[in-house]
Amino acid sequence: MKAPLEILKNKFGYSSFRNAQENIITSILNKQDTLVLMPTGGGKSLCYQIPALIFDGLTVVVSPLIALMKDQVDALKLNGIPAAYFNSTLSASEQNKLIKQLQKNEIKLLYLAPERLVGAESGFLNFLKSLNVDLFAIDEAHCISHWGHDFRPEYSMLSRLREVFKGVPVMALTATADKLTRKDIAEKLHLQSPKIFISSFDRKNISYKVAPKRNSFGKLLDFLGEHREDAGIIYVLSRASTEDLAERLNDEGFSAKPYHAGLNREVREQHQDMFLRDEVKIIVATIAFGMGIDKSNVRFVVHMDLPKNIESYYQETGRAGRDGLKSSALLFYSYADVVKLKSFIEIEGNAIQTQVLEKKLNEMAEFGDLRTCRRKYILNYFDEEADSYCGNCDICLTDVEKFDGTLIAQKALSAIARLEERFGVSYVIDFLRGSQSAKIWDQHKQLKTYGVGAEISKEDWRRYINDLMHLGYLQKEDGKYPLLKLTEKSWPVLHGKENVMLIATISDKEAVEEANVTAYDNGLFTVLKTLRNQLAQKEGVPAYIIFSDSTLQELATYLPEHTSQLRQISGFGEVKTEKYGKLFLKKITGYMEENNLTSRMTLKNPKKFRNSRKTKSKRSKEDTKAISFNLYQEGNSIEEIARLRELNASTIMGHLSHFILEGNLEIHEFVSKEKVHLISKAVALHGDAALNPIKNEVGDAVTYGDIRMVINHLKRKHSI
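Here we summarise the structure given alongside this text. (Residues numbered from 1 in each chain as written. Predicted model: local features only at pLDDT ≥ 70, side-chain atom pairs only at ≥ 80, totals over all residues. Heavy atoms only, no water.)

Helix and strand content of the chain: 32 helices and 17 strands. The C-alpha extent of the chain, read off along each of the three principal axes, is 105 × 70 × 50 Å. By the burial criterion, 54% of the 720 residues in the chain qualify as buried. Summarising the internal contacts of the chain: among those between residues at least 6 apart in sequence, 71% fall at separations of at least 24. Surface summary for the chain: the accessible area is close to 33,200 Å², and the carbon and sulfur share equals 48%. (Helix = DSSP H or I, 4+ residues; strand = E, 2+ residues; numbered from the N terminus. Buried < 20%, exposed > 50% of the residue type's maximum accessible area, 1.4 Å probe, protein only. Contact = heavy atoms within 4.5 Å. Areas by Shrake-Rupley, 256 points an atom, 1.4 Å probe, with all protein chains shown as cover.)

The buried count for strand S12 (residues 298–303) comes to six of six residues, which makes it a mostly enclosed element. Where strand S9 (residues 231–236) and S12 come together, five bridges link them in parallel fashion. Bridging across to S12, Ile233 finds its partner in Val301. As paired strands, S12 and strand S13 (residues 327–333) are joined by four bridges and run parallel to one another. Note that in S13 the partner of His303 across the bridge is Leu331. In this fold, the crossover linking S12 to S13 by way of helix H13 (residues 310–317) has right-handed handedness. (Pairing = 2+ DSSP bridges. Right-handed = clockwise from strand over helix to strand, strands pointing away.)

Quick look at the packing of helix H30 (residues 673–686) against helix H32 (residues 704–716) now. Helix-helix packing: each pair is described by the crossing angle between the helix axes and the interaxial distance. As a packed pair, H30 and H32 sit with axes 10 Å apart at the nearest point and diverge in direction by 75°. As the angle between them shows, H30 and H32 are arranged roughly perpendicular. Between H30 and H32, the contacting residues are Lys675, Val676, Ile679, Ser680 and Val683 on the first element and Asp706, Ile707, Val710, Ile711, His713 and Leu714 on the second. Its residues placed into classes, the contact of H30 with H32 shows seven nonpolar, two polar and two charged. (Axes fitted to C-alpha atoms, helices over the stretch in contact; angles between N-to-C directions. Parallel < 35°, antiparallel > 145°, perpendicular 65-115°, else oblique. Nonpolar A, V, L, I, M, F, W, Y, C, P; charged D, E, K, R; others polar.)

To continue, consider the sheet that holds strand S11 (residues 282–286). Spatially, six strands are ordered S8-S13-S12-S9-S11-S10 in an open sheet, and the strand pairing comes out parallel. The sheet terminates laterally at strand S8 (206–212) and strand S10 (256–259), the two strands that pair on one side only. In this sheet, neighbouring strand axes are inclined to one another by 20° on average, regardless of whether the strands run parallel or antiparallel. The strands touched by helix H12 (residues 265–276) within the sheet are S9, S10, S11 and S12, with S10 carrying the most contacts at an inclination of about 135°. Along the sheet, helix H15 (residues 351–369) contacts S8 and S13; its crossing angle with S13, the most-contacted strand, is approximately 105°.

Attention shifts here to the environment of Ile588. The topology assignment puts Ile588 in helix H25 (residues 574–594). Each C-alpha atom of the pair Ile588 and Pro560 lies 7.5 Å from the other, and the pair is 28 residues apart in sequence. What Ile588 contacts, discounting residues up to four positions off in sequence, is Leu524, Leu528, Leu555, Leu559 and Pro560.

Following the sequence through the fold, Asn205 ends up in the loop between strand S7 (195–198) and S8. A polar side-chain atom of Asn205 sits 2.9 Å from the main-chain carbonyl oxygen of Gly321. (Polar contact = N/O pair within 3.5 Å; in protein donor to acceptor, adjacent residues only side chain to side chain.)

Here it is as structure tokens:
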């Protein structure tokens, strides 16, 4: 039996497991029911894909979305793994062919929708009984729970799996589930003493920001102006809004398409496919309709309207930065959205579930009103501890100035007391501002505190009341119309025995620079993206399925020159190295020659080179150029040094050309007099700023390495 780590490296191209992946895989291999909570982009899929390649039989994966099935199957096939999906997109002949493959045990992973698996009329469950099924993996498992944010009735039928396949382990996976939902998942699926794994929900690469909704379109244009080359998703509340916003963005010069359940299926699939292939940069989608995609290079997610709960918000923002690179999440917030959504969440005849959904909406509203770290709030929501400062949200990246707000606090607390704690935020604010609205009770207009805060705007009052809640001077009741209540801390303030410091002004800090990161070459990154797009078009798959942006950036950072070095780059497994390795290496080495670059693989995985018999110094302490120089001084040819160091010959020539410039080596040791003369004339004609014009002038008989050496020789002689 192959070891999981060996499969991870050879099939998927990764050298080590992340989070709790290895322990989760061990649990499954021990035939243990397992519940996995892992954030979007955290590597959930590998937790069942690797056991599937170890088990003799079939692994059945339940997934709610056709697009997600196709993405995963395409990615698996590119890694040489026999996988398939069985859904309505297959023709009758394709379905028959797949059934025969399953009967011959030629498929390792089969992706199905829940209704296909356990639907009353499908009969597919009985067919699976005739096969050797080793594992059921239930993706998006929160859909089975009434308390989850995305309950789907068809998922409830999955409880039958335990009855029909008694000895087969069941694995439930989700990125978003609070304690109540986790308990419900285990019970509904009849998991037997499940091993539960909860990974950190912290997506450190995502920057969270909330902005007031006023003039949101103008603010959106400013935001998108900073992300013109990036792919992103914009969520809105209604179908009509998706089409309207996409049209307005196109008018402003952005590439955008709408995406919602009301579109014709062919149109919807076309828009999604264009987005996956980077032919369209922006998808505008309804909050209610899940994208179900595995696109790794989404750089931003924008919510024009408020999500109904933290789970949805977390899952949707988690579609950004799945490759681990820096990404942004922007939410436009207005309390009016909270009021609007309250009319949508009531479930007739189910007061308890309605109460749960109301509580979740209120928590989402609290996130919008936050004056403390947003990341901490999200992590605490999922029962994970977090520091009060993350350094990557708008709250933590702002300077705050506090002032003595005791009088403001007293006005608010006194108003709530005189209103007998029977009203919510909006009514209290209108009362404080002396609103003439008919909704203000006549008897309340006679109270002493009516209108005492008229000079303060509604927005500022909402902010101050929110601050008072976070400071513990006020609390808000749960429910559809949460009421403001005083606390024990309120009374010393009302009696003038305690001062209250409130936040006065906010000024944005300068963006924090990423530290200790080796910069990648953006020019090479662009070259590699072009190659990736060509290969993706040829294969008929989205570009990120060939390689993720993070893989390309790693290539453009460390500049590998040999196939053996590619194996140190994340994403290069056996199949992809064999299939694409030479193509990418050719682009990299060609770019290096044109731009006088040397490999930086020693920065990624520093190697100690053995001392030859003639060397007395310790080369492991020398820089990379000195190592090549010493090996040359010992009598090794350039080709021999390249082989010893696992570097390209042109790189070694680049190292040695440095010592020509320093005067330690002579040009005629490497380049003939005729070539020196030819190159010198070309340099005089074109200058030494770029090598390409010189190369075109001298022809194929001269290498870029020759040119670099002659340029350094001329510099040494002060000829240029």
